[in-house]
Each structure stands twice: as structure tokens, then as C-alpha cells.
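# Chains, contacts and geometry: an overview
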Amino acid sequence: TNPAASGGANSTVKTQQTTPNTGTNFSMTSGSQKSRPIFAIEQLSPYQNIWTIKARVSYKGDIKTWHNQRGDGKLLNLNFLDTSGEIRGTAFNDNATKFNEILQEGKVYFLSKARLQPAKPQFSNLPHPYELMLDRDTVVEECLDASDVPKTHFSFIKLNTIQNQEANSTVDVLGIIQTVNPHFELISRAGKRFDRRDITIVDDSEYSIAVGLWNQQAVDFNLPEGSVVAIKSVRVTDFGGKSLSMGFTSTM
């Protein structure tokens, strides 16, 4: 990991070894996408009709389902990452099932022919103005040379600046675990039970802040006090003062 500069900086964790050649190819067209010009994620916009990106699946959520008067549906959320940035991807219904089987978190793919549409900030914490919709025409091919694609990307901020962040915004932080509290159970007004654990982290700005862990992560957490942790896309809350809360897109 590249050290974060004072006052917050971008740092990137890169792959240390390449994936063995398995011969797996999910391209739905003849010929490899490797021969096409590769676009950076930050360059993607609806003004380009023909593009290919080489990106890592930095996050893949579980398939979500819904049932309403219009019928049933499925949704798959993903994030794609390269050295220039990160973009959200979505797939619905049969495409959600299909790409859930094809795309694996942590692996690198060539991807093209996805539809670009304006990003929905209420569903994504990424700064990219657009997002990708993966449909039946989308072409995916596993990339076996992944050494030049980062594994994840952080934009760390110092803990003493969190007081100035808006509630419900997401941030990346780096700190030392100062306190680990026992896990406990919460019951919502609707009667649903949640597991919860609070830890406190501190950094070299000499500030500390509480971080809330939820459900299985709260139960399984076993890092000792004194451990250094990097947390990506953690949500800022202002209930009883500013604190941080892990969400479904947060990673530690």
C-alpha cells in the first residue's frame, strides 16, 4: 500500500501475482477484446459508442429480489475498478443471475457493450457521473494478466475532519484500533433483531472515532486492539455526535 500523504491522499493496493491461465472465456462474440483500444473508466461517457475497459470487480453484492404489484425482480450491484477510477455496474432479472455466475469479486475482466446511464447517487457512493447497465449484449472476457490493475482504491481522510462531513456521506479512513467493545443485540421498532459491535479507532491527527459493525461482521470480529485497519466507504452518522457505521458496500 502506498503511504497516505498528510491531510489525506489517494492510495492503491495492487495485485502481487497474476491469476493462472485457466482458459476461461466468457466473450459472446468472436475474437478477443484484447485487440481493441482500452478506455480508462474515467473516460467513459455516453458520447463513446465503442469502448472496452479492463477492470477488476472490486465489489460484488448479493442478488437482491423484490416483489410488488408489477411482479418480481432481481438486482445485482457491482463496482469496477482500474487505475483511473471506479464505476458502478448493475444487472437486472435474468442478466443479474447470468453475470452473478460469470463475474467474480477480485478478478479482472475486459468488458464492453454495457449501457452507460447517469449515476444514481442515492444508490452509489462512487464519484463517477455515470454507471453501467449490463444487459444481454454486454461482452465479458476474463483477463489473465491482472498485474497492472489495482485491487482496491482508497481516498483516506483524517479523523479530525469527519466533524465537517455531512451525515450519510461515505469516507475512507485509516487508523489504529484503540478499543474493541463486546457485541450486543439491538431490536428495531419493527421487532427485527440486529447484532452490533462498536470499535474505536485513532489516527495521527490525534482524534478518535467510533465505528459501528453490524450483524455477522459484528459477531465474527476478532482483530485485537492495536491493529491497523483501512476502511472503505464507511458511512458518517450524526446520532449523538459524529461517528462511523459500516454499510453493505463498506469493506475493512
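Our subject in this report is the structure included herewith. Values in this document were obtained by computation on a predicted structure and should not be read as measured data.

So, about the environment of Ser84. Tracing the chain through its elements places Ser84 in the loop between β5 (71–82) and β6 (85–92). When the C-alpha positions of Ser84 and Gln43 are compared, they lie 8.6 Å apart, and in sequence the two are 41 residues distant. Dropping the residues within four chain positions of it, Ser84 is found in contact with Ala40, Ile41 and Glu42. Here Glu42 takes part through its backbone nitrogen, which lies 3.1 Å from a polar atom of the side chain of Ser84. Within the local environment of Ser84, its side chain forms a polar contact with the side chain of Asp82, the two groups lying 2.7 Å apart.

A few words on the side chain of Ser233. Take Ser233: it is sitting in strand β16 (residues 228–237). If sequence neighbours within four positions are ignored, Ser233 has contacts with Asn125, Thr170, Val171, Asp172, Thr249 and Ser250.

This part covers the pattern of salt bridges. Evaluated as defined, the whole model comprises nine salt bridges. The partner of Glu131 in a salt bridge is Lys120, with the nearest N and O atoms 3.4 Å apart. With Glu131 in strand β9 (residues 130–133) and Lys120 in the loop between β8 (115–118) and β9, this residue pair connects regions lying eleven residues apart in the sequence. A relative accessible area of 1% means that Glu131 is categorised as buried. With relative accessibility at 31%, the residue Lys120 sits in the partly exposed group.

Attention now moves to the pairing of β16. Among the ten residues in β16, seven count as buried, and that is most of the element. Across six bridges, strand β12 (residues 170–180) lies against β16 in antiparallel orientation. Across the sheet, the residue bridging to Thr170 is Arg235, located in β16. As paired strands, β16 and strand β17 (residues 243–245) are joined by three bridges and run antiparallel to one another. Of the residues in β17, the one forming a bridge with Val236 is Leu244. Linking two consecutive strands that pair antiparallel, namely β16 and β17, is a turn of five residues; a positive phi of about 70° is found at Gly240 within it.

Reading the values: the criteria
Residues numbered from 1 in each chain as written. Predicted model: local features only at pLDDT ≥ 70, side-chain atom pairs only at ≥ 80, totals over all residues. Heavy atoms only, no water. Helix = DSSP H or I, 4+ residues; strand = E, 2+ residues; numbered from the N terminus. Contact = heavy atoms within 4.5 Å. Polar contact = N/O pair within 3.5 Å; in protein donor to acceptor, adjacent residues only side chain to side chain. Salt bridge = Lys/Arg side-chain N within 4 Å of Asp/Glu carboxyl O. Buried < 20%, exposed > 50% of the residue type's maximum accessible area, 1.4 Å probe, protein only. Pairing = 2+ DSSP bridges.

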